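The residues making up each chain are set out below.
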Amino acid sequence: MSLPVSILLGLVLSALFGWFAFQRGSLTRSGVLGAILTGTAIVGFGGFVPGFLLVAFFVSSSLLSKYQARAKQSVNEKFQKGSRRDFGQAMANGGWAAVLAIALGLAPLIGGDARTQQLLFAAFVGAIATVTADTWATEIGVLSRTMPRMITTWRLVPVGTSGGITLPGTITALIGAMFIGAMVNAGDVFWFVITDFARAGSVGADVFLTRLASGVGIIFVASSSGLAGALFDSLLGATVQGIYFSEYDEWQTEKAFDSQGSPTRLIRGVGWFDNDWVNFISSVFGSLVAAGISFLIL
């Protein structure tokens, strides 16, 4: 498939997916635009498997956001944004992955060898694994029966505090990252079957087992980089992210304005460095970890 046709296909598919997600209440109107931009780039330049991973991240995260939504409602008030993703959240979670997908698609056209493409793909997997691990950890971690501990000081902090981590949340982050690694294998086998159906039907089961076995390495890359990226996200949340105190609500919050619309007071971090920046920088970090691991073991 030529690159222009692939980009057009990515535009159509991401627009349809964005409209569906908007109808389901998972995206705002601006979030649809973000989904179209990132989806077009990832599917158009990256191909089927990167697009499959993006869908796996979004669908799984959206489902988890609705899990025990009532129990999480009071904690979610502390977060900068809700579970319905807007443009900033879409770009924060998928923007860097989109850049890597574009680089992956253009690499063969500008002389990039197979090794370069492998590292770019690993970096892409690391970026998606990071945002998945972080999102899963947040959605499950806030339900923990034990209070979180600040990642920098290990002191107990209220539920929903940026930089706070729990054991259930950390374990869930690892599972989320491993999930992305498993989806790489599932997407690869599925694409092999639908694009080379004749050969897929003639080969034995050992061929499919071999393809899956070769994917053990990418699962390790995804799980390691995703967990590292999620923990780095918590570190940024504890140190750099702008955190405010609401005099009206009497709690720490990521919001610059309280529930009454009055300005909150910055108590730590950098004011403009919000959660979207935390997620974006963390995805960059996760991609670098993944590329480094891939360089050493794959």
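Above this text sits the structure in question.
Residues numbered from 1 in each chain as written. Predicted model: local features only at pLDDT ≥ 70, side-chain atom pairs only at ≥ 80, totals over all residues. Heavy atoms only, no water.

Colleague: Describe the layout of surface pockets, listing the residues and the values that go with them.
Modeller: Its boundaries defined by the atoms lining it, the largest pocket holds a volume of some 1,200 Å³. Lining the largest pocket are 47 residues, with Gly47, Phe48, Val49, Pro50 and Gly51 sitting closest to its centre. A total of nine residues in the lining of the largest pocket trace back to one element, the largest contributor, which is helix H3 (residues 48-66). In terms of residue class, the lining of the largest pocket is made up of 25 nonpolar, 19 polar and three charged. (1 Å grid on protein atoms, 1.4 Å probe; cavity = no way out; pocket = protein on both sides within 12 Å on 5 of 7 lines; lining within 4 Å. Points joined across faces, edges and corners; volume = space filled by probe spheres on them. Helix = DSSP H or I, 4+ residues; strand = E, 2+ residues; numbered from the N terminus. Nonpolar A, V, L, I, M, F, W, Y, C, P; charged D, E, K, R; others polar.)

Colleague: Could you give me a rundown of the packing of aromatic side chains, with the residues and numbers involved?
Modeller: Under the criterion given, the structure shown has 10 aromatic pairs. Arranged with centres 5.6 Å apart and planes meeting at 65 degrees, the rings of tryptophan 272 and phenylalanine 273 form a pair that is edge-to-face. For tryptophan 272, a relative accessible area of 58% puts it in the exposed group. Grouping aromatic residues by their ring pairs yields a cluster made of Trp96, Trp272, Phe273, Trp277 and Phe280. (Phe/Tyr/Trp six-rings, centres within 6.5 Å; stacked < 30°, edge-to-face > 60°. Buried < 20%, exposed > 50% of the residue type's maximum accessible area, 1.4 Å probe, protein only.)

Colleague: Outline helix H5 (residues 87-106), listing residues and values.
Modeller: Owing to its 3.6 residues per turn, the α-helix brings residues three or four apart onto one side. Roughly 50 degrees is the biggest bend found in H5, and it falls at glycine 94. What H5 keeps buried is the set Gln89, Ala90, Ala92, Asn93, Gly94, Gly95, Ala97, Ala98, Leu100, Ala101, Leu104 and Gly105. At its buried positions, H5 is contacted by helix H2 (29-46), H3, helix H6 (114-141) and helix H11 (275-297). The opening residue of H5, the one whose side-chain oxygen lies 3.2 Å from the backbone nitrogen of glycine 88, is aspartate 86. (Bend = angle between axes of the 7 residues up to and from the residue. Contact = heavy atoms within 4.5 Å. Polar contact = N/O pair within 3.5 Å; in protein donor to acceptor, adjacent residues only side chain to side chain.)

Colleague: Account for the pattern of salt bridges, naming residues and giving values.
Modeller: Opposite charge on two side chains allows them to pair when their charged atoms are near. Here the structure, examined in full by the defined rule, presents one salt bridge. The partner of glutamate 247 in a salt bridge is arginine 265, and the shortest N-O contact between them spans 3.1 Å. Taken together, the positions of glutamate 247 in the loop between strand S3 (243-246) and strand S4 (251-253) and arginine 265 in strand S5 (residues 265-268) put the pair 18 residues apart, joining distant regions of the chain. Judged by its relative accessible area of 53%, glutamate 247 is exposed. Residue arginine 265 is classed as partly exposed on the basis of its relative accessible area of 44%. (Salt bridge = Lys/Arg side-chain N within 4 Å of Asp/Glu carboxyl O.)

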